[in-house]
Amino acid sequence: MRADARRNYERLITTARTAFMEHGTGASLDDIAKRAGVGSGTLYRHFPTRDALLHAVLRDRIDGLLAHADELLAEPAADPETEALNAEAALGRWLRTYLTGAGTPRGTSTVIIEAMSAKWADTGLGAAATAICDALGRLLDRAQHAGAVRAEIDPRDLLRLTNAIGVAAERTADPGAYADRMLALLFDGLRTG
């Protein structure tokens, strides 16, 4: 990429991040191009769809979320008596981190729910949703094998439920507190005992 094209690309991502934070994931792409000081054609050359731009804006957050799952999974296994508690706690910490990121920009949870469908499979957001679901699946599998979480729970269903909490939390005065309350209720349903 030429230096001027690279600058435009970076400026578009920075401007889009700000616009999405201010107006949610439905922010006007033409407004983003204008605010970035480029034409709409330049925006569409770099990002042919809104989803391509959203993926570029969310890429660092998604990468951080996947790395967080790897860190939690790399923690040494506890003795058998406390492994169930540790596995459940790791799953809970990851879901809380996920929801914190899904709340900003507004609409991110809805975007991830949509990206989980088959029609998005060949897109950057579809691949990101698959990677997120896989990371969640590994944490869930650990908690299931430790006996902390019911065996019939599917990671895709759990991710959809978590995103539903994120969508609902966006519409409350205190999204963090609401998400924590809903996760506590969710875990009451997930536990084996």
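Calculation criteria
Residues numbered from 1 in each chain as written. Predicted model: local features only at pLDDT ≥ 70, side-chain atom pairs only at ≥ 80, totals over all residues. Heavy atoms only, no water. Phe/Tyr/Trp six-rings, centres within 6.5 Å; stacked < 30°, edge-to-face > 60°. Helix = DSSP H or I, 4+ residues; strand = E, 2+ residues; numbered from the N terminus. Buried < 20%, exposed > 50% of the residue type's maximum accessible area, 1.4 Å probe, protein only. UniProt positions renumbered as here; feature names shortened; annotations may be inferred. Expected span 1.5 Å × (residues − 1). Contact = heavy atoms within 4.5 Å. 1 Å grid on protein atoms, 1.4 Å probe; cavity = no way out; pocket = protein on both sides within 12 Å on 5 of 7 lines; lining within 4 Å. Points joined across faces, edges and corners; volume = space filled by probe spheres on them. Nonpolar A, V, L, I, M, F, W, Y, C, P; charged D, E, K, R; others polar.

Overview of the packing of aromatic side chains
Alright, step 1. In this structure the tally under the stated criterion is 2 aromatic pairs.
Alright, step 2. Judged by centre distance (5.1 Å) and plane angle (25 degrees), the rings of Y9 and F47 are stacked. Of this pair, Y9 sits in helix α1 (residues 3–23) while F47 sits in the loop between α3 (40–46) and α4 (50–74), placing them 38 residues apart in sequence. Like Y9, the residue F47 is buried in the burial classification.
Alright, step 3. When the ring of W94 is compared with that of Y98, the centres are 5.7 Å apart and the planes differ by 20 degrees; the resulting orientation is stacked. With a gap of 4 residues between them, W94 and Y98 both fall in helix α5 (residues 80–102), about one helical turn apart. Each member of the pair, W94 as well as Y98, carries the same accessibility label: buried.

Details of the UniProt feature "domain: HTH tetR-type" (unreviewed entry) in the protein
Alright, step 1. Feature annotation in UniProt assigns "domain: HTH tetR-type" (unreviewed entry) to the following positions: residues 6–65.
Alright, step 2. The span residues 6–65 is 82% helical and 0% strand by assignment, and the distance between its end C-alpha atoms comes to 26 Å.

Examining α1
Because an α-helix completes one turn every 3.6 residues, residues spaced three or four positions apart along the sequence face the same direction.
Alright, step 1. Helix length check: α1 (21 residues) gives 30 Å between terminal C-alpha atoms against 30 Å at 1.5 Å per residue, within 8%.
Alright, step 2. Looking at α1, one finds that the buried residues are A5, N8, Y9, L12, I13, T15, A16, A19 and F20.
Alright, step 3. The secondary structure elements touched by the buried residues of α1 are α2 (29–36), α3 and α4.
Alright, step 4. Backbone geometry just downstream of α1 places G24 in the positive-phi region, at approximately 85 degrees.

With respect to the layout of surface pockets
Alright, step 1. Empty space within the largest pocket amounts to approximately 240 Å³.
Alright, step 2. Around the largest pocket, the lining comprises 14 residues; the ones closest to its centre are L99, T100, G103, P175 and G176.
Alright, step 3. Counting only elements with at least two residues in the lining of the largest pocket, the list comes to α5, α8 (155–169) and α9 (175–190).
Alright, step 4. When residues in the lining of the largest pocket are grouped by element, the largest group, 5 residues, is from α9.
Alright, step 5. Taken together, the residues of the lining of the largest pocket sort by class into 5 nonpolar, 5 polar and 4 charged.
Alright, step 6. Lining the second largest pocket are 13 residues, and of these R61, I62, L65, G101 and A102 lie nearest its centre.
Alright, step 7. Listed by contribution, the elements that provide at least two residues to the lining of the second largest pocket are α4, α5 and α6 (108–115).
Alright, step 8. The dominant element in the lining of the second largest pocket, judged by the number of residues it contributes, is α4, at 6 residues.

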